[in-house]
Amino acid sequence: MKFEGITSFSPVAKIVAVAVIAFGGFVLFNNSALAAVGDVTDISLYDGNGNGKIDEVRVSIENTLNTTWTKNGTPAFTAESGDGGAAITVVSSSFYSTQTDSPVILSIALDENDADLTTSTAATAVALVYTQAGGGGACAACFTNGSVELAGIATGDTGAGNTEVDAAKPVVTSATFYDATSSDGKLDIITVVYSEDISAAADGSADWAISSAADFASLVEGSVVCNTAPSAANECDYNFTTATAKTDVGDLTLTYTAGISVVDSAANTANTIALNSASSPAFADGAAPQIKTATYQDTDANGKIDQFTLAFTE
Ligand SMILES: [Ca+2]
Ligand SMILES: [Ca+2]
Ligand SMILES: [Ca+2]
Ligand SMILES: [Ca+2]
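What comes next is a walk through the structure.

Each value, and the rule that gives it
- Residues numbered from 1 in each chain as written.
- Chains lettered and ligands numbered in written order.
- Predicted model: local features only at pLDDT ≥ 70, side-chain atom pairs only at ≥ 80, totals over all residues.
- Heavy atoms only, no water.
- Donors = N, O, S within 2.8 Å, 3.2 Å for Na, K, Ca; no water.
- Tetrahedral: all angles 85-135°; square planar, octahedral: opposite > 155°, others 65-115°.
- Buried < 20%, exposed > 50% of the residue type's maximum accessible area, 1.4 Å probe, protein only.
- Pairing = 2+ DSSP bridges.
- Helix = DSSP H or I, 4+ residues; strand = E, 2+ residues; numbered from the N terminus.
- Axes fitted to C-alpha atoms, helices over the stretch in contact; angles between N-to-C directions.

Once that is clear, we can look at the coordination of the calcium ion (ligand 1). Protein coordination at the calcium ion (ligand 1) comes from Asp47 (OD), Asn49 (OD1), Asn51 (OD1), Lys53 (O), Asp55 (OD) and Glu112 (OE), with a distance range of 2.2 to 2.3 Å. Classification of the site at the calcium ion (ligand 1) as octahedral follows from its 6 donor atoms and the range of 78 to 162° in their angles at the metal. Mapping the donors of the calcium ion (ligand 1) onto the primary sequence gives the spacing D-x1-N-x1-N-x1-K-x1-D-x56-E. Residue classification places Asn51 among the partly exposed residues on the basis of a relative accessible area of 36%.

Below is the structure:
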């Protein structure tokens, strides 16, 4: 077999050959930028009990050779509210994955009773910090595979690949009903506030329903506006009408069924929830009493009015 042309490249072939070699070098160079064993590749925030506070952080560590990672002594993780905020107590750490997986995943549990742990399910709610051995941590080489130690995680996780990932669903932090239109004693809007900013929905009414078994007549749903003016970025405004003049909660129930209108920027969809007087959170009353009826009487029948009776909407 003859390999004609190998020793006699045309000028164009030479350019192509140089370009191929250069591209190959570029690929090799870029491979060196990939995560090395011990690098943190993902930090995900979870709200396991769905109360709107981050309670677990999972850290993924590159482990391409599938060696066994171990924990030595007291973990050196600390946590902060937001990046560089107040310290949040770390309760414990354990391996979430098998210790030879790649990535190997650590679970860091946070103290939900820590007053500095604010209600937020956003990616910015908690920052995780890990100080490597010799850096003043509580143990030497806290997480290793025998030869490599987990790379430090700086405050704010400034590495492009080390930004916290939001794995926590938005949860309702308050739901308040109002008689906002006309102050006629008839409720007309419920404002539902979430633990983080949610997606914009001009009318997500298909996900929502209002009901009352006895106390409110002729309930009619209007638009449900989420993260769109006049709603705040973390809020849905549920508009409705009723024929009943009543400004306390009674048996009013507003139900959200997991759908399109309450989704965070990481595509975590809020759970189904029924909001009423007994839910958590329960409805807050933002509607002032209004006069429902006013009657007058002549109680001693002397032809002179001597008593007014006012009935209020609650
Ligand atoms: Ca929680
Ligand atoms: Ca979230
Ligand atoms: Ca009204
Ligand atoms: Ca009221």
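Moving on, we get to the coordination of the calcium ion (ligand 3). Of the protein atoms, only Asp179 (OD), Thr181 (O), Asp184 (OD), Lys186 (O) and Asp188 (OD) coordinate the calcium ion (ligand 3), at distances of 2.3 to 2.6 Å. Look at where the donors of the calcium ion (ligand 3) fall in the sequence and you get D-x1-T-x2-D-x1-K-x1-D. Relative accessible area serves as the criterion here: at 31%, Lys186 is assigned to the partly exposed category.

Reading across from one edge, S6-S7-S2-S1-S10 is the order of the 5 strands in this open sheet, with mixed pairing throughout. Across the chains shown, the open sheet's two edge strands, defined by having one partner strand only, are strand S6 (90–95) and strand S10 (164–166). When strand polarity is set aside, the average angle formed by the axes of neighbouring strands in this sheet is 25°. Across 6 bridges, strand S1 (residues 40–46) lies against strand S2 (residues 56–61) in antiparallel orientation. What sits directly across from Asp42, in S2, is Ser60.

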